[in-house]
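Now for the letters of each chain:
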Amino acid sequence: MKLFKIKTIWIYVLLTSTCFSQNPLNFGSDILTADPSAHVWKDGKMYIYASHDEPCQEDFWMKDWHVFSSGDLINWTDHGACLSVDDLSWADNFAWAPDAAYKNGKYYFCFPVGTGFKDRKNPKNSTKWMGLGIAVSDSPTGPFKDAIGKPLWTEPYANDPCLFIDDDDKGYIYFNGGGDYLVAEMADDLLSVKGELYKMDMGGYKPKREGPWVFKRNGIYYYTMPEDNRVLTYYTSNSPKGPWKYQGEIMNEENASNNHHSIVKFNGQWILFYHRWVDTEFDCNKKQRKICAEYLYFNEDGTIKPVERTEAGLSKKL
Ligand code: FUB
């Protein structure tokens, strides 16, 4: 009887500790990940395209991107590096926040990458440049192959792309372009932009930011972003190019550190993926980035309910 009780307690402890420790997401190793771009593809699984931090890296010097997949949002597979700066002829550093899209039966990986050096003390001496590339694969997990062998453009400086495919199959690229809120329509093959880089009307509200993420729900376009790189906020519009109306905060700032996110529907439930700076055991003794996730809910009028960071994340009961 006593043995039965002990066993039962152990099973309970194991089950609860598994259920209440889903953030950061468990990718099966101590890999450091950031900037999650999440998509559900035609096999119904969730795929996360992520930046990959080196432990204690200098000034966001990052070299490759990883893809993770899951069928239940709890058990994840790390498919390894889907692209690396070593595969590129025109950039060698700053493998930053990517995005992906599915069109024409292919998977497209859009990545910001650069070269040079940013001198934070004497900005005049900086040589850093960043642009956006496009790579293609027949598989959602890659490997992806640089499809154009150069950036989509060299001016303006660009990072943090969001590649959005609308219901009419038109593709749009949103990005941080020298501080402006820019969008361009993509050519049908997604390998070049069609027409102008268009500066969007943000309704007079234009904080500094990186990492736009656009999605559509019930005919409304949502333009979401880490405002000042830190607070997740959003705008809405009835057109993919705006004008946009500011709607408020989704997730607040934590420890004066950057955040970066994506919002996607999985099995009828909306999910917010983001990253958090957590304590690790690496020598530099600094917090490092890891991807987390939370459920996200809408109000009746289509506005988004603010999201709290939790330890349990997606293991919480719906
Ligand atoms: O991961 C490198 C950069 O940090 C991203 O591009 C930004 O969005 C910020 O998360």
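Right, let's walk through the structure included here. Quick caveat, the model's predicted, so the values are computed rather than measured.

1. Some remarks on the overall build of the protein
Piece 1. Within the protein, the regular secondary structure consists of one helix and 19 strands.
Piece 2. The C-alpha radius of gyration of the protein comes to 20 Å, within 12% of the 20 Å expected for a compact globule of 318 residues.
Piece 3. Dimensions of the protein, computed from the C-alpha atoms along their principal axes, are close to 75 × 50 × 40 Å.
Piece 4. Residues classed as buried in the protein amount to 53% of the 318 residues present.

2. What to know about the state of the cysteines
Piece 1. Inspection of the entire model under this criterion finds one disulfide.
Piece 2. Each sulfur in the disulfide pair Cys-56 and Cys-284 lies 2.1 Å from the other. Here the disulfide of Cys-56 and Cys-284 is left-handed, its torsion about the S-S bond being about -75 degrees. Linking Cys-56 in the loop between β2 (46–53) and β3 (64–70) with Cys-284 in the loop between β18 (269–278) and β19 (288–295), this pair joins segments that are 228 residues apart in sequence.
Piece 3. What makes Cys-284 partly exposed here is its relative accessible area of 27%.
Piece 4. The cysteine Cys-162 is free of any disulfide, with Cys-110 supplying the nearest cysteine sulfur at 9.2 Å.

3. Brief notes about the site of the ligand
Piece 1. The local shell around the ligand consists of Asp-35, Met-62, Trp-96, Ala-97, Asp-160, Glu-210, Asn-258, His-260, His-275 and Arg-289.
Piece 2. The separation between an oxygen atom of the ligand and a polar main-chain atom of Ala-97 is 3.4 Å.
Piece 3. Computed on the free molecule, the ligand has an accessible area of 280 Å², of which 98% lies beneath the protein chains in the complex.
Piece 4. Classifying every residue of the shell around the ligand gives three nonpolar, three polar and four charged.

4. What about the environment of Tyr-246?
Piece 1. Examined against the element boundaries, Tyr-246 turns out to sit in strand β16 (residues 245–251).
Piece 2. Classification of Tyr-246 as partly exposed rests on a relative accessible area of 30%.
Piece 3. Sequence spacing of Tyr-246 and Thr-224 is 22 residues, and the spatial spacing of their C-alpha atoms is 9.7 Å.
Piece 4. Setting aside residues up to four positions removed in sequence, Tyr-246 forms contacts with Tyr-205, Glu-227, Thr-233, Tyr-234 and Tyr-235.

5. Let's talk about the pattern of salt bridges
Piece 1. Summed over all chains, the structure comprises 15 salt bridges.
Piece 2. Here Arg-230 makes a salt bridge to Glu-253, at a shortest N to O gap of 3.7 Å. Here the residue Arg-230 occupies a position in the loop between β14 (220–227) and β15 (231–237), and Glu-253 occupies one in the loop between β16 and β17 (262–266), the gap between them amounting to 23 residues.
Piece 3. Of the charged contacts in the structure, one is a salt bridge between Arg-309 and Glu-254, with a shortest N-O distance of 3.5 Å. Residue Arg-309 is found in the segment after β19, and its partner Glu-254 is found in the loop between β16 and β17; the two are separated by 55 residues along the sequence.
Piece 4. A cluster of three or more residues bridged by salt bridges with shared partners is formed by Asp-35, Asp-53 and Arg-289.

6. Some details on the nonpolar core
Within soluble globular proteins, side chains that are nonpolar generally end up buried alongside one another.
Piece 1. In terms of nonpolar packing, the biggest core is built from 30 residues, with Tyr-174, Tyr-223 and Leu-296 touching the most fellow members.
Piece 2. Counting only elements with at least two residues in this core, the list comes to β9 (158–165), β10 (171–177), β11 (180–186), β13 (213–217), β14, β15, β16 and β18.
Piece 3. Examining the composition of this core, we find that four residues originate from one element, β14, more than from any other.
Piece 4. Setting aside its immediate chain neighbours within four residues, Tyr-174 contacts Asp-160, Pro-161, Cys-162, Phe-164, Leu-182, Val-183, Met-200, Pro-212, Val-214, Tyr-223, Pro-240 and Trp-244.
Piece 5. With 24 residues, the next largest nonpolar core counts Met-62, Cys-82, Val-85 and Phe-109 among its residues.

7. Thoughts on unusual backbone geometry
Piece 1. Here Asn-23 and Pro-24 are connected by a cis peptide whose omega angle stands at -10 degrees.
Piece 2. Within the secondary structure, Pro-24 sits in the loop between α1 (2–19) and β1 (32–40).
Piece 3. Backbone torsion omega between Gly-242 and Pro-243 reads 5 degrees, so that peptide bond is classified as cis.
Piece 4. Secondary-structure assignment places Pro-243 in the loop between β15 and β16.
Piece 5. The phi angle at Asp-59 is positive, at roughly 40 degrees, despite the residue not being glycine.
Piece 6. Within the element layout of this structure, Asp-59 appears in the loop between β2 and β3.
Piece 7. Positive phi, close to 50 degrees, is recorded for Asp-228, a residue that is not glycine.
Piece 8. Tracing the sequence through the fold places Asp-228 in the loop between β14 and β15.

8. Examining the packing of aromatic side chains
Any aromatic ring pair is given by two values, namely how distant the centres are and how the planes are angled relative to each other.
Piece 1. Enumeration according to the criterion identifies 33 aromatic pairs in this entry.
Piece 2. Pairing Trp-90 with Trp-129 gives two aromatic rings, centres 6.3 Å apart and planes at 70 degrees, and the pair type is edge-to-face. Pair noted here: Trp-90 is in the loop between β4 (77–84) and β5 (99–103) and Trp-129 is in strand β7 (residues 129–137), with a separation of 39 residues, a long-range link. Like Trp-129, Trp-90 is buried.
Piece 3. Through successive ring pairs, a cluster of aromatic residues spans Trp-41, Tyr-49, Trp-65, Trp-90, Tyr-102, Tyr-107, Phe-109, Phe-111, Trp-129 and Phe-144.

What counts as what
Residues numbered from 1 in each chain as written. Predicted model: local features only at pLDDT ≥ 70, side-chain atom pairs only at ≥ 80, totals over all residues. Heavy atoms only, no water. Helix = DSSP H or I, 4+ residues; strand = E, 2+ residues; numbered from the N terminus. Rg over C-alpha atoms; globule rule 2.2 N^0.38 Å. Buried < 20%, exposed > 50% of the residue type's maximum accessible area, 1.4 Å probe, protein only. Disulfide = S-S within 2.5 Å. Near = heavy atom within 4 Å. Polar contact = N/O pair within 3.5 Å; in protein donor to acceptor, adjacent residues only side chain to side chain. Areas by Shrake-Rupley, 256 points an atom, 1.4 Å probe, with all protein chains shown as cover. Nonpolar A, V, L, I, M, F, W, Y, C, P; charged D, E, K, R; others polar. Contact = heavy atoms within 4.5 Å. Salt bridge = Lys/Arg side-chain N within 4 Å of Asp/Glu carboxyl O. Core = buried A, V, L, I, M, F, W, Y, C linked by side-chain atoms within 4.5 Å. Phe/Tyr/Trp six-rings, centres within 6.5 Å; stacked < 30°, edge-to-face > 60°.

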